[in-house]
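Listed here are the chains, written in short residue letters.
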Amino acid sequence: MNILVVEDELSLAEELRHFLEKEHYLCEVANTGSDASEKMAVTPYDFILLDLGLPDYDGLDLLQEARQDLNADASVIILSARGAVEDRVNGLNLGADDYLPKPFSLLELHSRMQAIIRRKFGVRSQVVPLHDFEVDIQNREVRHKGQVVSLTKKEFDLLTYLLLHKNRVLTRLQLSEHIWGNILEDDYDSNYIDVHIKNIRKKLAAHKLTDWLETVRGVGYRISL
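Below, the structure is looked at part by part. (Residues numbered from 1 in each chain as written. Predicted model: local features only at pLDDT ≥ 70, side-chain atom pairs only at ≥ 80, totals over all residues. Heavy atoms only, no water.)

### Comments concerning the pattern of salt bridges
Opposite charge on two side chains permits them to pair, given that their charged atoms come into close proximity. Definition in use: For salt bridges, the criterion is a side-chain nitrogen of Lys or Arg within 4 Å of an Asp or Glu carboxyl oxygen. What counts as a helix is a DSSP run of H or I of at least four residues, what counts as a strand is a run of E of at least two, and both are numbered from the N terminus. Burial classes follow relative accessibility: with a 1.4 Å probe on protein chains only, a residue under 20% of its type's maximum area counts as buried, one over 50% as exposed, and anything between as partly exposed.
For the coordinates displayed, the defined rule picks out 16 salt bridges. The residue Asp157 makes a salt bridge to Lys153 at a minimum N-O spacing of 3.1 Å. Here Lys153 and Asp157 lie together in helix H6 (residues 153–164), a separation of four residues that amounts to about one turn. On the basis of relative accessible area, Asp157 is assigned to the buried category, the value being 11%. One network of salt bridges, with partners in common, ties together Glu134, Asp136, Glu141 and Arg143.

Shown next as structure tokens:
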């Protein structure tokens, strides 16, 4: 998943980026509100971790921007030393999903992110059934009758992202943005998605057929459940 950290305290921003990347998230950092605004204008994020006390922006104004256009569906957690009840209430009323006052535990932050993901996608546990397979999101494993299917990091991320959006067609562009990050900054080739899907199918089919992993011609892919 693709995350934007909006934090003007450089050491904390770097600590968050390092932690989230260790947890297999894509992560971009913005140290000012204007930088965050520019990034949100071109990239759809799955999560925005938002500090309210920015040097050039009121974080609540940035939250309103995040609820428009590309990032209307992004999950937002406010991270702030501003502990006034009014700030928390305003943030939640403007569409934030959670509020975590500073200082906070990185493990607690991760737990809250996972809770939001489960709630948002209707997932009740970290192990999600997928026809004859099961996907263990926490341990990053796909299993068939207890046997682990060996997927690469990107293959697992791609399969999980499709699973979370089950029964919905995702375009190659959407998948690329959420699995590879900002494609405007990378050597983007939509064939990357096709190659990874082919590899996923081959590895899963060694255990059981995967006709539920559908190609929608000219558009993208869908997992049907």
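### Quick notes on the packing of aromatic side chains
Both the distance between ring centres and the angle between the ring planes are used here to describe each pair of aromatic rings. Condition: Ring pairs shown here join Phe, Tyr and Trp side chains whose ring centres sit within 6.5 Å, with only the six-membered ring taken for Trp; geometry is labelled stacked below 30 degrees between planes, edge-to-face above 60, and tilted in between.
In this structure the tally under the stated criterion is one aromatic pair. Ring geometry for Phe133 versus Trp212: centroids 6.2 Å apart, planes at 65 degrees, classification edge-to-face. In this pair, Phe133 is assigned in strand E7 (residues 133–136) and Trp212 in the loop between helix H8 (191–205) and strand E11 (213–216), connecting sequence segments 79 residues apart. On the accessibility criterion, Phe133 (4% relative accessible area) is buried.

### Here's the deal with the sheet that holds strand E10 (residues 170–171)
How we decide: Whether two strands pair comes down to DSSP finding at least two bridges between them. Any two residues having at least one pair of non-hydrogen atoms within 4.5 Å are treated as being in contact. Geometry is summarised by axes, namely lines fitted to C-alpha atoms with helices restricted to the contacting stretch, and by angles between N-to-C directions that run from 0 to 180 degrees.
On the basis of which strands lie adjacent, the open sheet formed by three strands has the order E10-E12-E11 and antiparallel pairing. Pairing within the sheet leaves two strands with one partner each, and these edge strands are E10 and E11. Relative to strand E12 (residues 220–223), H6 is tilted by about 65 degrees, and along the sheet it contacts E10, E11 and E12. Lying on the sheet, H8 is in contact with E11 and E12; it crosses E11 at an angle near 150 degrees.

### Topic: the nonpolar core
As a reminder, the rule being used: By convention a nonpolar core is built from buried Ala, Val, Leu, Ile, Met, Phe, Trp, Tyr and Cys residues, the set being connected through side-chain atoms within 4.5 Å. Domain borders in the structure are assigned automatically or taken from a domain database.
Counting 47 residues, the largest nonpolar core has Leu20, Leu49, Ile77, Leu109, Val142, Leu159 and Leu162 as its most contacted members. Here this core gathers at least three residues from each of two domains, domain 1 (2–121) and domain 2 (127–223). Look past the residues within four positions of Val142 in its chain and what remains in contact with it is Phe133, Glu134, Val135, Gln147, Val148, Val149, Leu151, Phe156, Leu159 and Leu204. With 19 residues, the next largest nonpolar core counts Val6, Leu52, Leu54 and Leu62 among its residues.

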